[in-house]
Amino acid sequence: MAFELPDLPYAYDALAPYMSAETLEFHHDKHHKAYVDKGNELAQEAGLADKSLEDIIRESHGSNAPLFNNAAQHYNHVHFWKWMKKNGGGTSLPGALQKAFDSDLGGFEKFKADFTAAGVGQFGSGWCWVAVKDGKLEIMKTPNGENPLVHGATPILGCDVWEHSYYIDYRNARPKYLEAFVDNLVCWDYVLELYEAATK
Ligand code: MN3
């Protein structure tokens, strides 16, 4: 199945001042588009173009690094745009999610501290995550394009900590970017949707 660049689910300026139109134009139109174009070319070459995105990620992991990185980054960004919304964030989680955060992650404040620490502690480019593994939530971090799928887990929330995601708006202040992501951007309804799909 050929990869396609999805439209952003909001206007380019919808997430300002926490994420500017300039950041979204570069990040979506240039970076994500490059993963789509390169991923399609490499999937074709590898004879995997008919497989689902998730299968391509799992099958290329450890054997075809260029394809893996582009395919995984496509997957990560498809979700990343939907993990944010205008007037998102905040501490009020939909019921089922609040329960799981309390029981598995030690409550919202501990989640925020651990998720932010995972993002800050990811040396160089990568992602920090909340993922479902064996029915329970876990905080994870991964380098470059890698994601929880290759660790037997399903991501339900992820934050891109590549510099292209925050340098225009926050310069080198990755902790401030992560704090703004949790406080002002996260679309908890989409996190709940993925949580329910991963645990049913
Ligand atoms: Mn990115």
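Everything quoted here is computed from the prediction, not taken from an experiment.

Novice: Even after reading the chapter, I still don't get the domain arrangement of the protein, so can you show me in this structure?
Specialist: Often the size quoted for an interface is simply the accessible area lost on bringing the parts together. Under the domain assignment used here, the protein contains domain 1 (21-82) and domain 2 (95-198). Placing the centre of domain 1 and that of domain 2 at their C-alpha centroids yields a distance of 20 Å. Both sides of the domain 1 and domain 2 interface together cover about 1,700 Å² of buried area, and 62% of this is carbon and sulfur. Among the residues of domain 1 in contact with domain 2, T23, F80 and K82 are the three that bury the most area, contributing 29% of the side total. Put simply, domain 1 and domain 2 have zero salt bridges between them. Taken together, the links from domain 1 to domain 2 amount to nine residue pairs in polar contact (both at pLDDT 80 or more). Residue composition of the side of domain 1 that touches domain 2, by class: seven nonpolar, nine polar and four charged.

Novice: Before we go on, may I ask you to explain the environment of N40 in this structure?
Specialist: Here N40 shows up in helix α1 (residues 21-45). Taking the C-alpha atoms as reference points, N40 and F3, 37 residues apart in sequence, are found 6.2 Å from one another. Contact partners of N40, with chain neighbours within four places excluded, come to A2 and F3.

Novice: Can you help me understand the nonpolar core in this one?
Specialist: Soluble, globular proteins show a tendency: their nonpolar side chains are buried together. By size, the foremost hydrophobic cluster in this structure holds 50 residues, and its most contacted members are F80, F111, L157, F181 and W188. When residues of this core are assigned to domains, at least three map to each of domain 1 (21-82) and domain 2 (95-198). If near-sequence neighbours (up to four positions away) are discounted, F181 is found in contact with F80, W83, M84, F115, L157, G158, C159 and V186. Counting residues in hydrophobic clusters, the runner-up holds 15 residues, among them L42, I56, L67 and V150.

Novice: Would you take a moment to explain helix α3 (residues 65-82) for this structure?
Specialist: Along an α-helix, residues three or four positions apart point the same way, because every turn accommodates 3.6 residues. With 18 residues, α3 should reach 26 Å at 1.5 Å per residue; the first-to-last C-alpha distance of 26 Å fits that figure. Most of α3 is tucked away, with 13 of its 18 residues classed as buried. By the N-cap criterion, in which a side-chain oxygen at the helix start approaches the backbone nitrogen of a residue two or three places on, α3 is capped by N64, the distance to L67 being 3.2 Å.

Novice: It is not clear to me how unusual backbone geometry should be interpreted in this structure. Could you clarify?
Specialist: If a residue is not glycine, its phi is most likely negative; likewise, a peptide bond is most likely trans. Put simply, A16 and P17 share a cis peptide bond, and its omega is 5°. Mapped onto the elements of the fold, P17 is located in the segment before α1. The phi torsion at D134 lies on the positive side, around 50°, for a residue other than glycine. Take D134: it is sitting in the loop between β1 (126-133) and β2 (136-143).

Novice: I keep staring at helix α5 (residues 108-121) and nothing clicks. Help me out?
Specialist: The end-to-end C-alpha distance of α5, which contains 14 residues, comes to 19 Å, matching closely the 20 Å that a straight helix rising 1.5 Å per residue would cover. Of the residues making up α5, those classed as buried are F108, F111, K112, F115, T116, A118 and G119. The arc that holds the buried residues of α5, viewed along the axis, is 155°, so those residues lie on one side. Turning to α5, the residues buried within the fold contact α4 (95-105), β1, β2, β3 (154-160), α7 (174-185) and α8 (188-199).

Novice: Just to check I follow, could you spell out the environment of G89 for this structure?
Specialist: Inspection of the secondary structure assignment puts G89 in the loop between α3 and α4. Residue classification places G89 among the buried positions, given a relative accessible area of 19%. For the pair G89 and N184, spaced 95 residues apart in the sequence, the C-alpha separation amounts to 4.2 Å. Ignoring any residue separated from it by four or fewer positions in sequence, one finds G89 in contact with V182, D183, N184, L185, V186 and W188.

Quick notes on the rules
Numbering of residues starts from 1 in every chain and runs along the sequence as written. At least 70 in pLDDT is required for a residue's local features to be given in this predicted model, at least 80 for side-chain atom pairs to be given and counted, and no such filter applies to totals for whole chains, interfaces and linings, which use all residues. With hydrogens and water stripped out, all remaining heavy atoms of the structure feed into the side-chain values. Delimitation of the domains relies on an automatic or database domain assignment. Buried area is a sum: the accessible area each of two parts loses on coming together, probed at 1.4 Å, counted once for each and added. A pairing counts as a salt bridge when a side-chain nitrogen of Lys or Arg comes within 4 Å of a carboxyl oxygen of Asp or Glu. Contacts described as polar in this section are N or O atom pairs within 3.5 Å, which, within protein, must combine one atom able to donate a hydrogen with one able to accept it, while residues neighboring in sequence count only if both atoms come from side chains. Asp, Glu, Lys and Arg are counted as charged, while Ala, Val, Leu, Ile, Met, Phe, Trp, Tyr, Cys and Pro are counted as nonpolar; the rest, among them Gly, fall into the polar class. Note on conventions: DSSP H or I runs of at least 4 residues are helices, E runs of at least 2 residues are strands, and numbering of each starts at the N terminus. Throughout, a contact is declared for two residues whenever any of their heavy atoms are within 4.5 Å. The term nonpolar core refers to a set of buried residues drawn from Ala, Val, Leu, Ile, Met, Phe, Trp, Tyr and Cys, joined through side-chain atoms within 4.5 Å. Partly exposed residues are those whose accessible area sits between 20% and 50% of the maximum for their type, while under 20% is buried and over 50% is exposed, using a 1.4 Å probe and protein chains only. Here the expected length of a helix is defined as 1.5 Å per residue gap, with one fewer gap than residues. The reported arc concerns the directions from the helix axis to the C-beta atoms and nothing else.

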